[in-house]
Structures are given as C-alpha cells and as structure tokens.
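# Structural overview
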Amino acid sequence: MMPALSLWALLAKAIGIICAIGGGLPVGWEGPNVHISCIVAHHLARLPFFRSLRRDRALRMQLMACACAVGLASSFGTPIGGVLYALETTASFYLVATFWKSVVSTLAGAVVYDLFYKTPLVEAFENTHFVAGDYTRGQLLNFAIMGILFGLLGAFFVRCVHAVYSLRM
C-alpha cells in the first residue's frame, strides 16, 4: 500500500489541518480536503463490496479522479468547480466516462456539504465580528506600534538567518 494513502496519513492530515485552521494559520484547506477524500476513497475501495474497483486499474484511476473532484467540491460547495479541478489535475488519465461519474459524485458531495454546513456545530468556526466600540484609540495605537516593532524584528531575524547562511556558504 502507498504510504501517502495510509490511515496514518489520514490521521496526520486531519489533525494537522484542524490544528492549523483552528490556530488561525493562513493556510488553505482545499489541498488537504482533496488528499483526505482520496485516502477515504482508497480505503473504501478495499471493502469486499468494491472488489471490482480494486482489481481494475482504470476504475481505480477513475475513483481517484472522482475523489479529487469531491474533495474540492466539498471545500467550496461547488460541484462543477470540483469536476473541472479533477479534469485539470488528472488530465493524463482522465476518461470521458469519468466526467459523468465525477458530476454525480460531486453533486452528492455538495449535498452532504450543504447538510453539514447548516448544523450548529459549524457556528463554532465562524469569524468573530467586532463592533466600533470594542477598542479604544489607545489600544489601536498600541496594536499598530506592536505590529511595526514585530515586523522590524522579523525583518532583522530574516537578515540574521541570511547572514548565517552566507557565512556557511
């Protein structure tokens, strides 16, 4: 089995993306969603019911293309965008029959996305909105000064790292 499609990779990817997004890191979650959907599709294909998918290489490739499409469609809730993404990324082995399979799978993924997105659990991940009176002018000035100082400190750090790198070369 490929290590990129193992259950350990699924666990690491899921925990990593939850911590990254929860921690406020400015990272995209579309790529990990595509990878997670491919891992799930790979392991679903190992079930006895899907034996024919596992044995036929062309069907496995179609399954992975559909998984890519569903991963992106579930990220944005856009089925056609997911199909176009799958067509673009898997163009070297994309068959015409895969197109309709991708459309149906992304529509199902978009419906599931829509059902889950309207649950109260999602409200915990919405952005915080501040009103005009939440901060005083003094606090905003302090935030601006801190931003400038830490920006300069970051630039100094990058210069020091570059100097060490140059010295080592």
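Everything below is about the structure shown above.
Now for a quick tour of the structure. Note that the coordinates shown come from a computational prediction; the quantities given were computed from them, not determined experimentally. Every chain is numbered independently, its residues counted from 1 as its sequence is written. Since the coordinates come from a predicted model, pLDDT governs what is reported: local features require at least 70, and pairs of side-chain atoms require 80 or more to be given and counted, while whole-chain, interface and lining totals use all residues. The basis for every side-chain value is the complete set of non-hydrogen atoms in the structure, without hydrogens or water.

## Considerations on a positive patch on the surface
We count it as follows: Surface patches are defined over residues having more than 30% relative accessible area and no salt bridge, joining like charges when they lie within 9 Å and nonpolar side chains (Val, Leu, Ile, Met, Phe, Trp, Tyr) when within 5 Å. All accessible areas in this document rest on Shrake-Rupley with a 1.4 Å probe, and a residue is counted as covered only by the protein chains that are shown. In the sections that follow, a salt bridge refers to a side-chain nitrogen of Lys or Arg positioned within 4 Å of a carboxyl oxygen of Asp or Glu. When charges are counted, Lys and Arg contribute as positive and Asp and Glu as negative, whereas His and the chain ends are disregarded. Lys charges are placed at NZ, Arg charges at CZ, Asp charges at CG and Glu charges at CD. Buried residues are those whose accessible area, probed at 1.4 Å on protein chains only, stays under 20% of the maximum for their type, while exposed residues exceed 50% and partly exposed ones sit between those limits.
A cluster of basic residues, Arg46, Arg51, Arg54 and Arg55, forms a positive patch on the protein surface. Accessibility expressed as a relative area gives 66% for Arg55, which makes it exposed.

## A look at helix α2 (residues 30-44)
Two residues of an α-helix separated by three or four positions point the same way, owing to the 3.6 residues in each turn. To be explicit about the condition: Secondary structure follows DSSP: runs of H or I at least 4 residues long count as helices, runs of E at least 2 residues long count as strands, and numbering of each begins at the N terminus. Take the number of residues in a helix, subtract one, and multiply by 1.5 Å to get its expected span. Working rule for contacts: check all heavy atoms of both residues, and any pair within 4.5 Å makes them a contact.
Over its 15 residues, α2 extends 21 Å from the first C-alpha to the last, a length consistent with the 21 Å expected when each residue adds 1.5 Å. For α2, every residue scored as buried is listed here: Pro32, Val34, Ile36, Ser37, Cys38, Ile39, Ala41, His42 and His43. The elements touched by buried residues of α2 are α1 (7-22), α4 (57-76) and α5 (79-89).

## A look at the packing of aromatic side chains
So the rule is basically this: Pairing of aromatic rings covers Phe, Tyr and Trp, the last through its six-membered ring, and needs centres within 6.5 Å; plane angles under 30 degrees mean stacked, over 60 mean edge-to-face, and all others mean tilted.
For the coordinates displayed, the defined rule picks out three aromatic pairs. Measuring from ring centre to ring centre gives 5.5 Å for Tyr135 and Phe143, while their planes differ by 85 degrees; the resulting arrangement is edge-to-face.

## Concerning a nonpolar patch on the surface
A cluster of nonpolar side chains, Phe130, Tyr135, Leu140, Phe143, Met146, Phe150, Leu153 and Phe156, forms an exposed patch at the surface whose accessible area comes to about 880 Å². As for its placement among the helices and strands, Leu140 is situated in helix α7 (residues 137-168). We classify Leu140 as partly exposed; its relative accessible area is 47%.

## Let's talk about the side chain of Thr98
Take Thr98: it is sitting in helix α6 (residues 96-117). Those residues in contact with Thr98 that lie beyond four places of it in its chain are Gln62, Ala65 and Cys66.

## Observations concerning α1
As a reminder, the rule being used: To be clear, the arc concerns the directions from the helix axis to the C-beta atoms.
Taking 1.5 Å of rise per residue, 16 residues should cover 22 Å, and α1 covers 22 Å from first to last C-alpha, within 8% of that figure. All buried positions along α1 are accounted for by Ala9, Ile17 and Ala20. Angularly, the buried residues of α1 cover 70 degrees about the axis, an arc narrow enough to put them on a single face. Turned more than 90 degrees from where α1 packs its buried face, Leu7, Trp8, Ile18, Cys19 and Gly22 sit exposed. Contacts from the buried residues of α1 go to α2. Phi for Gly24, located one or two positions after α1, is positive at around 85 degrees.

## Focus: the nonpolar core
For the record, the criterion: Throughout this description, the term nonpolar core refers to a set of buried Ala, Val, Leu, Ile, Met, Phe, Trp, Tyr and Cys residues connected via side-chain atoms within 4.5 Å.
Formed by 16 residues in total, the largest nonpolar core has its most connected members in Leu5, Cys38, Met64, Cys68, Ala86 and Tyr94. Elements that contribute at least two residues to this core include exactly α2, α4 and α5. The greatest single-element share of this core, amounting to six residues, is contributed by α4. Leave out the neighbours within four places in its chain, and Cys38 touches Leu5, Met64, Ala67 and Cys68.

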